[in-house]
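A structural walkthrough
Residues per chain are reported as follows:
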Amino acid sequence: MTNSAYRIQGATGEWEVVIGLEVHAQVVSKSKLFSGASATFGAEPNAQVSLVDAAMPGMLPVPNMECIRQAVRTGLAIDAQINAWSRFDRKNYFYADLPQGYQISQLYHPLVGEGHIDISLDDKNPEAAVKRIGIERIHVEQDAGKLMHDQHPTMSYVDLNRSGVALMEIVSRPDMRSPAEAGAYLRKLRAILRYVGSCDGNMEEGSMRADVNVSVRKPGEPFGTRTETKNVNSVRFVMQAIEHEASRQVDVLESGGKVVQETRLFDPDTGTTRSMRSKEDAHDYRYFPDPDLLPLVLEASFIEACRASLPELPDAKRQRYETALGLTPYVAGVLTAEVETARWFEALLAETATKQGKGEEAVAKQAANWLTSELFGALNRLGRSLEDSPVSPAQAAELLALVADGTISGTIAKQVFEKMLETGDGAAAIVEREGLKQESDTGAIEAVVAKVLADNADKVEQYKAGKEALFGFFVGQTMKAMQGKANPQVVNDLLKQALG
Amino acid sequence: MTDLTELGIADIRSGVAAGTFTAVEVAEAFNAAVAAAQPALNAFIVTTPEAALAAARKVDTARAAGQPLGKLAGVPIGMKDLFATKGVQTTAASRILEGFTPEYESTVSQNLWNAGAGMLGKLNLDQFAMGSSNETSAFGNVISPWRRPGDTAPLAPGGSSGGSSAAIAARLCPAATGTDTGGSIRQPAAFTGIAGIKPTYGRCSRWGVVAFASSLDQAGPMARSVQDCAIMLEAMAGFDPKDSTSLNLPVPAWEAGLNPSMAGKKVGIPREYRLDGMDPDVARSWDDGIAWLKDAGAEIVEISLPHTRYALPTYYIIAPAEASSNLARYDGVRYGLRDLPDGAGLQDMYAATRAAGFGPEVKRRIMIGTYVLSAGFYDAYYTQAQKVRTLIARDFELAFQHCDVILAPTAPTAAFALGEKSDDPLAMYLNDVFSVPASLAGLPAMSVPAGLDRQGLPLGLQVIGRAFDEQGVLNAGLALEQRAGFTAKPAKWW
Amino acid sequence: MSVDTATVTKIASLARIKVSEAEVAAMVPELNGILAWVEQLGEVDVTGVEPMTAVIPNTLRLREDAVTDGGIRDAVLANAPAAEHGFFGVPKVIE
């Protein structure tokens with residue numbers, strides 16, 4: 001990728017940007033990490049708070065097995081080392097959203113160690129331009145509560161519903177060198193989390209957010225001083241934050257200044273970052289092992305059960321689509337990028353193969369092409385997602401079967417699909433009702449061919465004189481006369497015959 | 001009729017069960033004693049005579065209906081004000097929690113109510129259990145019922161469970177809960193001529209007990225006899241899924257297992273506990289203990305606990321470190337005191353609230369704890385202390401290859417006068433020299449009264465056992481108790 | 001290691017305890033006395049010794065993932081110095 005390396009053109013030459021991401025992903029679980037209160041989103045204020053979450057005197061944490069299991073599964077999905085011995089530590093600081101006065105996290109002995117994620121920067125060919133991004137660790141920790149500043153003139157309000165919800169902090173190595181790489185990493189990480197089912201990846205609701213570490217340097221030089229932009233909650237914003245922060249740092253350095261190691265805040269309205277002065281007073285988190293919690297020791301059998309529960313992951317699936325189903329890398333990449341797409345595709349594939357009495361590999365291209373062009377196009381127009389597609393995989397398979405057995409042409413199939421979207425009716429019923437069945441009867445087509453040639457005698461002359469391009473004109477006229485319902489192959493054959 | 005307040009748990013239980021007296025009569029007798037002594041001794045922060053009576057009525061009704069009675073049926077007890085009690089103010093003896101009324105009941109206190117006990121009130125203590133004399137309470141000193149003969153100078157009841165020890169010694173309650181982080185059950189028991197046991201770390205749930213130092217805090221009973229301690233500990237202990245450090249073990253029948261014969265048992269005498277300049281009365285009492293256990297059939301062996309001298313400094317790093325973090329939740333946001341000066345922001349409110357709410361000793365320990373955990377010092381202090389703690393625990397492990405229990409003094413002196421050590425934190429800390437090592441190793445340890453010193457003040461002997469071997473500790477304690485024949489009690493002056 | 005006025009002030013600020021100059025001045029020798037005393041631990045040879053993690057050999061139990069708590073807002077807010085509309089109130093925080 002050296003040829004397309006991302007560089008910032010400064011007054012003093014080119015600068016390289018170095019990016020590391022700390023992604024906070026909310027673990028999918030019914031209850032909180034250390035209490036039995038619900039972890040769901042959107043309840044009335046303080047309705048999902050236990051005495052433990054409110055840090056009442058004498059309350060104690062008891063860890064949720066599911067949160068540990070999901071973090072281990074996530075670790076296994078990124079080929080990471082699972083630490084059979086880990087511990088929880090306290091991160092001490094005072095804030096109104098932190099009732100205990102400390103966050104239970106894992107500094108010294110995280111649950112998950114080194115792993116990696118392979119990203120691709122070329123959608124057309126996901127196997128080219130692959131870059132491996134190192135993951136330093138994944139640890140499990142508590143989320144904080146929420147402060148509301150705009151409901152009272154002199155007070156902020158504290159809602160502890162989020163307090164104690166389980167998060168995974170997924171810490172990358174500073175291996176990314178462009179906003180695009182960071183974007184690709186985030187999308188890939190999100191896809192993996194959703195495949196695994198350990199996080200719903202919903203960035204709008206805050207179940208996934210990133211702290212963005214950015215520094216700049218002249219290519220080949222050691223790392224510069226980094227800043228950390230906190231809590232950025234979309235892929236686009238992460239990319240914007242990097243762009244802005246990198247050029248800001250270049251400006252600072254080129255004007256003779258120094259980059260201050262600090263926490264910054266991203267403003268989505270302006271696409272810029274600003275220093276969080278209020279949090280600048282020297283933090284000293286005084287991490288130490290939480291004495292309320294013993295070391296977490298995982299049995300090998302627990303880890304193996306986590307491994308066995310993993311689904312096929314995007315990279316493996318994409319490769320299987322290419323090798324076993326014969327799909328192009330691009331299409332396989334598109335179909336596996338999101339777990340819902342792959343799930344939909346596989347349902348369609350199974351239904352299509354059954355309906356057509358063929359193997360999946362024989363119908364894979366038909367199904368894949370239809371999904372990526374027709375269905376995606378339609379959903380785009382309708383502004384809907386795959387999950388609320390008006391057409392089910394079984395309905396789609398019915399449509400594809402009608403094309404495959406010659407009942408309708410591809411052109412007619414598009415019309416039928418539009419009708420399906422409008423009415424919700426089945427493809428066969430629409431074809432029947434609208435009389436869209438393809439004409440394959442040679443006699444009927446022969447008559448039309450004869451009429452078309454007779455009506456266009458001049459063009460027949462030209463064709464015979466060598467203007468072969470007119471063949472398409474005859475096909476078109478014949479199809480038009482038959483309202484598109486003629487079997488195109490038969491029309492072709494008959495025209496060739498008639499034209500000698 | 002006998003003075004019911006002279007009775008201990010076992011006698012009250014059997015008297016109530018036999019119908020010799022009713023539980024209500026017992027509760028009334030103790031309620032009266034509590035009320036009469038409160039102005040002089042200040043053993044309670046709040047008294048709850050109605051709660052004691054309500055529990056007693058329930059027991060009397062159950063008995064009348066022929067229903068089975070609990071282990072502590074009809075026994076009114078004092079509850080150290082470190083245990084959260086639903087609907088009853090719980091303060092940890094700190095202004096910062098003044099007025100705090102929990103919506104929950106600690107596991108240990110609930111266990112006791114389930115066993116038929118009733119609550120006489122919430123007992124005073126050193127603030128957040130930090131202290132050895134009960135002088136750090138925000139609700140006034142507890143005055144020991146003991147006095148030096150011919151001297152009215154108020155003496156310390158020990159700490160931190162000083163309200164508990166004073167109340168039991170003064171016959172204001174037959175038994176009380178204590179908590180022990182570095183000696184807070186054993187040292188006050190020794191100071192006031194009563195018994196108390198700190199069980200193995202994890203035996204009693206910490207859920208609902210205001211935390212001081214989580215890795216050390218253990219609840220335990222305080223009473224006037226070893227048998228009463230055994231009965232009460234059985235009721236308090238037990239696995240609690242709400243406490244991650246709770247031991248998932250059945251509770252042994254300690255009372256039924258009591259056996260004062262030490263035949264075939266080896267008693268270890270730790271060489272390092274014989275300090276230079278040891279108080280001669282304490283040394284003599286220790287020798288008495290050795291003789292008594294020998295008399296009970298034990299073989300006496302000398303053992304070595306080489307890291308003993310490092311136990312106190314280790315403790316005074318680990319306990320403040322944990323406390324500095326455990327006490328961060330007292331911030332004026334969700335409960336307790338809030339001090340909001342005009343125009344103060346959130347962080348100012350924290351600082352003002354905590355300055356106003358915590359007493360000097362609590363602040364001192366928070367400061368030490370904050371310092372030893374701070375960047376650059378963590379390894380030198382905290383990690384080093386946890387390593388030394390490993391060595392201290394290992395000392396005990398090795399020693400217990402050569403003996404079954406260890407016998408030592410509980411405290412280096414008898415009770416001192418209030419104010420005598422309160423200006424010198426270090427001198428105060430040294431009071432825990434014999435009790436802290438077992439706390440650091442999580443081992444069961446108890447203090448039993450051994451006799452009086454030359455001033456006429458009680459001295460205690462400490463028995464330390466292997467992890468989980470409360471029975472061995474109680475049995476050795478019983479052997480000592482039978483031979484010590486301790487019957488002294490403070491002359492009633494209040 | 002010994003602490004000075006500046007360090008004590010910093011520690012008090014980290015611990016969110018408001019201290020006057022006089023209090024700081026009193027604390028400096030007091031804390032130095034305690035710190036000098038605990039520093040004797042430095043002389044212990046701890047080569048190859050692991051820091052204690054569980055005083056009684058025991059490992060962490062994990063609970064099943066079930067909603068067993070919450071829905072007790074009144075109890076949660078019962079002791080709050082300032083509670084309004086189901087929230088805890090604190091002096092306005094300006095970010």
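Residues numbered from 1 in each chain as written. Chains lettered and ligands numbered in written order. Predicted model: local features only at pLDDT ≥ 70, side-chain atom pairs only at ≥ 80, totals over all residues. Heavy atoms only, no water.

The next thing to look at is the overall build of chain C. Each helix and strand in chain C was counted, giving three helices and two strands. Across chain C, helices and strands are ordered from the amino to the carboxyl terminus as α-α-α-β-β. Taking the principal axes of the C-alpha coordinates as reference, chain C spans close to 55 × 45 × 25 Å. Per-residue burial over chain C gives 45% buried out of 95 residues. Of the roughly 4,800 Å² of accessible surface on chain C, a fraction of 54% belongs to carbon and sulfur atoms. Placing the 7 positive and 14 negative side-chain charges of chain C at their respective mean positions leaves the two points 11 Å apart. (Helix = DSSP H or I, 4+ residues; strand = E, 2+ residues; numbered from the N terminus. Buried < 20%, exposed > 50% of the residue type's maximum accessible area, 1.4 Å probe, protein only. Areas by Shrake-Rupley, 256 points an atom, 1.4 Å probe, with all protein chains shown as cover. Lys, Arg positive; Asp, Glu negative; His and termini not counted. Charge placed at Lys NZ, Arg CZ, Asp CG, Glu CD.)

Looking now at the UniProt feature "active site" (unreviewed entry) in chain B. Residues and elements named next belong to chain B. UniProt records the feature "active site" (unreviewed entry) at Lys-80, Ser-160 and Ser-184, using the numbering of this structure. For the residues just named, distributed over 105 residues, the greatest C-alpha separation is only 11.2 Å, placing them together at one site. Structurally, Lys-80 can be placed in strand 2 (residues 76-80). Relative accessible area serves as the criterion here: at 0%, Lys-80 is assigned to the buried category. Apart from the residues lying within four places of it in its own chain, the contact partners of Lys-80 are Lys-122, Leu-123, Leu-125, Ala-129, Ser-160, Ser-161, Ser-164, Thr-177, Gly-178, Thr-179 and Ser-184. Side-chain polar atoms of Lys-80 contact the side chain of Ser-161, separated by 2.8 Å. Position of Ser-160 relative to the elements: it lies in the loop between strand 3 (118-123) and helix 5 (162-169). Classification of Ser-160 as buried rests on a relative accessible area of 0%. (UniProt positions renumbered as here; feature names shortened; annotations may be inferred. Contact = heavy atoms within 4.5 Å. Polar contact = N/O pair within 3.5 Å; in protein donor to acceptor, adjacent residues only side chain to side chain.)

The subject of this paragraph is the sheet that holds strand 15 (residues 288-289) of chain A. One open sheet accounts for three strands, arranged 5-4-15 (chain A); its pairing is antiparallel. A strand with exactly one partner marks an edge of an open sheet, and here the two such strands are strand 5 (102-105) and strand 15 of chain A. In this sheet, strand 5 of chain A lies alongside strand 4 (residues 89-92) of chain A in antiparallel orientation, the contact comprising four bridges. Opposite Asp-89 of chain A, over in strand 5 of chain A, you have Ser-105 of chain A as the bridge partner. Sitting on the sheet, helix 9 (residues 311-326) of chain B is in contact with strand 4, strand 5 and strand 15 of chain A, with an inclination near 60 degrees to strand 4 of chain A. (Pairing = 2+ DSSP bridges. Axes fitted to C-alpha atoms, helices over the stretch in contact; angles between N-to-C directions.)

Every contact between the two is made by 73 residues of chain B and, on the other side, 48 residues of chain C. Contact between chain B and chain C buries roughly 5,000 Å² in total, counting both sides, with carbon and sulfur atoms accounting for 72%. Seen at the junction of chain B and chain C, the total is two salt bridges. At the junction of chain B with chain C, the criterion picks out 18 residue pairs in polar contact (both at pLDDT 80 or more). Put simply, the parts of the chain that give the side of chain B that touches chain C at least two residues each are helix 9, helix 10 (346-357), helix 11 (360-373), helix 12 (378-399) and helix 13 (425-429) of chain B. Tallying contributions element by element places helix 12 of chain B first for the side of chain B that touches chain C, with 13 residues. Split into classes, the residues belonging to the side of chain B that touches chain C amount to 41 nonpolar, 20 polar and 12 charged. (Buried area = accessible area lost by both parts, 1.4 Å probe. Salt bridge = Lys/Arg side-chain N within 4 Å of Asp/Glu carboxyl O. Nonpolar A, V, L, I, M, F, W, Y, C, P; charged D, E, K, R; others polar.)

Right, let's talk about the pattern of salt bridges for a bit. If charged atoms from side chains of opposite charge come close, those side chains can pair. Within this structure, the stated rule accounts for 60 salt bridges over all chains. Here Glu-346 of chain A ties to Arg-320 of chain A by a salt bridge, and the two come within 3.1 Å at their closest N and O atoms. Placement of Glu-346 of chain A in helix 7 (residues 339-356) and of Arg-320 of chain A in helix 5 (residues 314-323) is noted, with a sequence separation of 26 residues between them. For the salt bridge of Arg-171 of chain B with Glu-6 of chain B, the shortest nitrogen-to-oxygen distance reads 3.4 Å. Within this pair, whereas Arg-171 of chain B is found in the loop between helix 5 and strand 4 (175-180), its partner Glu-6 of chain B is found in the segment before helix 1 (9-18), the two being separated by 165 residues in sequence. When salt bridges that share partners are traced, they join Arg-7, Glu-14, Glu-16, Arg-177 and Arg-217 of chain A into one network.

This part covers unusual backbone geometry. As a rule of thumb, non-glycine residues mostly have phi less than zero, and peptide bonds are mostly trans rather than cis. Of note, the amide linkage connecting Gly-159 of chain B to Ser-160 of chain B takes the cis form, showing an omega dihedral of 10 degrees. One non-glycine residue, Ala-92 of chain B, lies in the positive phi region at around 55 degrees. Its place among the elements puts Ala-92 of chain B in the loop between strand 2 and helix 4 (107-114). A positive phi angle, near 55 degrees, is found at Arg-16 of chain C, a position not held by glycine. With respect to the helices, strands and loops of the structure, Arg-16 of chain C is situated in the loop between helix 1 (5-14) and helix 2 (21-38).

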